[in-house]
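Tertiary structure, described
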Amino acid sequence: LPESVLRFRAIYGMGEVTRGYDGAGNKVENGLKVTTTGATAVLEYGITNRISAQFLVPYRMNGKVKVDDETKFKNVGLSQLFQEKLKEIKFGLDQAAGGVGLYTNNLPTPIDIPLIEGIPQFTIPAGAKVKDTLDQLAAFAAANPALIESTAKTLAEDTKFQEGLGDIEIGAKYALSTVEQPWFDGVPFYTSVAAGVRLDSSKYADATKKGERPVGRGTTDAAIRLNADYEPILGVQLQLENQTEFMVAKGKAWNYSEANGGKEFDLERKGARQLGYSKLVVAPGTWVPALDTLVLNARYSWSNDSKTVLGTVEKLGGNSRTAVIGASFDGLNLENKIPVQLDYDRYIAARGRDVENAADAHVVTLKLFYKF
C-alpha cells in the first residue's frame, strides 16, 4: 500500500465439500456433503511506500454435514466412518495398554468402549488383547450392516462445527522493489517479502473436547512470504506467491477417543507448511476503455501441510491443489476515483493427496480505502 493509506477488506465465503483424496491421490466421494460459511476482516496500513502492516481476524459462522448420496454413503462413507471410529478406539486403547504401537498388549483393567452412539457398548476384560477386541468390533459391523448404517448416518449428520473466532494473524510486508524504484530501469518486475505470526486464538482444545470440528489450527505459527510480480505487456500481470509456515509454540487438543476416559495431549506441527499460488491478472480496460473498472484473474493454488503430532500419534499433512477464477470491480479507475473495490472468486478443488475435505467455494471481498 502507498504511505498513509488504510485498506479494510471484508471477506465472505461459502464452501462446499463433496469429495476428498486418498493417499494415492485418488478422488473419494463418500456421499456426504459438508457446507460451511465464514467471514474474515482484514485491516492493512501503508506505514511507508515500502512497508505495510496487516491485522487479520477470521470468523466461522456455521457448518453442517448431511448425507447427500445414499448409495455412495452406503458403499464408501459408511466404511470410512467405521474405520475412523476404529482408529479412535485404537488410539485410546494404545494409551491404556502402555503406549502407542503396543495394542497387542494385555489390558491391565477392563475398559468400556462405545462404538457408535446407539450401538451396544463393548467391554474389554482385564487381560484381553486389544487387537483381538478390534477384530471383534469389525466382525460385529459386518454382521449388523443395517444397524451400523442407520447409526452412522445419524452420527455423520450430527457432526458439530466450532463457531466463532478463528486464529488471528499479524504481519508486515516490505517491498524490495516498486514501480517508482524497480530492480532494473524499464523492467516491470517487482518483489516483496513479508513475515508474520498466527496466534492460537480459536480455543482449539475446547472444540476438540466438545467433539467439534475446530475452526483454527491449534498451534502458534510463524510465516515468511515471498511475492514476485511481472508485467510482460501493459494490462497483463503474472504473479507468484509462496508462504512458508512453521510452528513456534505447541497447542493442546483433547483425545478424541473415550477409551481412556478422555485426556488432553500436546498438539504439534512438525516441518514446514507451504501455501501459495501462481496467478494471471488481466485488465481489459487497457485496450477497451469502457471496461476500465473490470479486472479478471485466474490462479492455481497449492497447500502442502505439515505433519500433525497429537501426543505420540503422528499424521501426515495433506497436499491439495485448487483452481480459482475471479473478477473485480475497481472504483479507483472511475473518473471520480471511488475508493472501493469488489471481488468475486470461484474456488474449485483440482486434486490432492491425504485430503479428507477438498472444498469448492464462492468468495466475495469488499475493499475500502482511506488516505490520511
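Look up a bit, the structure's there.
Residues numbered from 1 in each chain as written. Predicted model: local features only at pLDDT ≥ 70, side-chain atom pairs only at ≥ 80, totals over all residues. Heavy atoms only, no water.

Of the regular secondary structure elements, the protein holds 4 helices and 22 strands. Buried residues in the protein amount to 39% of all 372 residues. Expressed as a percentage of contacts within the protein between residues at least 6 apart in sequence, the contacts between residues at least 24 apart total 64%. (Helix = DSSP H or I, 4+ residues; strand = E, 2+ residues; numbered from the N terminus. Buried < 20%, exposed > 50% of the residue type's maximum accessible area, 1.4 Å probe, protein only. Contact = heavy atoms within 4.5 Å.)

With respect to topology, 4 strands assemble into an open sheet ordered β14-β15-β18-β19, the strand pairing being antiparallel. With one partner strand each, in any of the chains shown, β14 (251-254) and β19 (313-315) form the two edges of the open sheet. Going across the sheet, the axis of each strand differs from the next one's by a mean of 30°, ignoring polarity. As paired elements, strand β15 (residues 264-270) and strand β18 (residues 307-310) share 4 bridges and run antiparallel to each other. Bridged to Arg269 within β18 is Thr308. (Pairing = 2+ DSSP bridges. Axes fitted to C-alpha atoms, helices over the stretch in contact; angles between N-to-C directions.)

Take a nonpolar patch on the surface next. On the surface, Phe8, Leu43, Phe55, Ile170, Leu199, Phe329, Leu342, Tyr344, Val364, Leu366 and Leu368 cluster together to form a nonpolar patch covering roughly 860 Å² of accessible area. Breaking the nonpolar patch down by element, the ones donating at least two residues are β21 (340-353) and β22 (355-371). Top element by residues in the nonpolar patch is β22. It accounts for 3 residues. Note that Val364 resides in strand β22. (Patch = residues over 30% accessible without salt bridge, like charges linked within 9 Å, V, L, I, M, F, W, Y side chains within 5 Å. Areas by Shrake-Rupley, 256 points an atom, 1.4 Å probe, with all protein chains shown as cover. Salt bridge = Lys/Arg side-chain N within 4 Å of Asp/Glu carboxyl O.)

Okay, the pairing of β15 next. Here 4 bridges tie β14 to β15, and the two strands are oriented antiparallel to one another. Note on β15: the bridge partner recorded for Lys252 is Asp266.

We now examine the environment of Tyr12. In this fold, Tyr12 is placed in strand β1 (residues 5-21). Residues Tyr12 and Thr365, 353 residues apart in the sequence, show an inter-C-alpha distance of 6.5 Å. With residues up to four places along the chain from it excluded, the contact list for Tyr12 reads Thr37, Gly38, Ala39, Met61, His362, Val363 and Val364.

This part covers unusual backbone geometry. Phi at Ser4 takes a positive value of approximately 70°, unusual for a residue other than glycine. Within the fold, Ser4 resides in the segment before β1.

One pass over the structure, following the stated rule, counts 21 salt bridges. Notably, a salt bridge pairs Glu44 with Arg9, separated by 3.2 Å at the nearest N-O pair. With Glu44 in strand β3 (residues 32-46) and Arg9 in strand β1, this pair connects stretches of sequence that are 35 residues apart. Judged by relative accessible area, which is 8%, Glu44 ranks as buried. Of the residues examined, Arg9 reaches a relative accessible area of 19% and is grouped as buried. The salt bridge partner of Arg19 is Asp360, with a shortest N-O separation of 3.0 Å. Of this pair, Arg19 sits in strand β1 while Asp360 sits in strand β22, placing them 341 residues apart in sequence. In terms of burial, Arg19 and Asp360 fall into one category: buried.

Let us now look at the side chain of Arg60. Here Arg60 is to be found in strand β4 (residues 51-67). Buried charge without a salt bridge: Arg60, with Glu212 as the nearest opposite-charge side chain at an N-O distance of 7.3 Å. In this structure the side chain of Arg60 is engaged in a polar contact, spanning 3.1 Å, whose partner is the backbone oxygen of Gln162. At 3.3 Å, the side chain of Arg60 and the backbone oxygen of Pro214 are in polar contact. Beyond its immediate sequence surroundings of up to four residues, Arg60 is in contact with Thr37, Gly38, Phe161, Gln162, Glu163, Gly164, Arg213, Pro214 and Val215. (Lys, Arg positive; Asp, Glu negative; His and termini not counted. Polar contact = N/O pair within 3.5 Å; in protein donor to acceptor, adjacent residues only side chain to side chain.)

What follows concerns the nonpolar core. Residues Val17, Leu32, Val34, Val65, Val67, Phe73, Ala152, Ala156 and Phe161 constitute the largest nonpolar core, which totals 9 residues. Only β3, β4 and α3 (145-157) provide two or more residues apiece to this core. Dropping the residues within four chain positions of it, Val34 is found in contact with Gly15, Glu16, Val17, Lys64, Val65, Phe161, Arg213 and Asn357. In this structure, Tyr204, Ala253, Leu267 and Leu310 belong to the second largest nonpolar core, which totals 5 residues. (Core = buried A, V, L, I, M, F, W, Y, C linked by side-chain atoms within 4.5 Å.)

Further remarks concern the environment of Gly196. The residue Gly196 is located in strand β10 (residues 189-198) in this model. As a C-alpha pair, Gly196 and Ala223 span 27 residues in sequence and 5.4 Å in three-dimensional space. Setting aside chain neighbours within four positions, we find Gly196 in contact with Ile170, Gly171, Asp221, Ala222 and Ala223.

Inspection of the entire model under this criterion finds 2 aromatic pairs. Arranged with centres 6.0 Å apart and planes meeting at 75°, the rings of Tyr45 and Phe372 form a pair that is edge-to-face. Highlighted residues: Tyr45 in strand β3 and Phe372 in the segment after β22, separated in sequence by 327 residues. Plain terms: the ring middles of Tyr370 and Phe372 are 4.9 Å apart, the flat faces sit at 80° to each other, and that makes the pair edge-to-face. Here Tyr370 falls in the exposed class, since its relative accessible area comes to 51%. Among the aromatic side chains, those forming a connected cluster through ring pairs are Tyr45, Tyr370 and Phe372. Here Arg299 stacks its cationic end above the ring of Tyr277, 5.6 Å away from the centre of that ring. (Phe/Tyr/Trp six-rings, centres within 6.5 Å; stacked < 30°, edge-to-face > 60°. Lys NZ or Arg CZ within 6 Å of the ring centre and 35° of its normal.)

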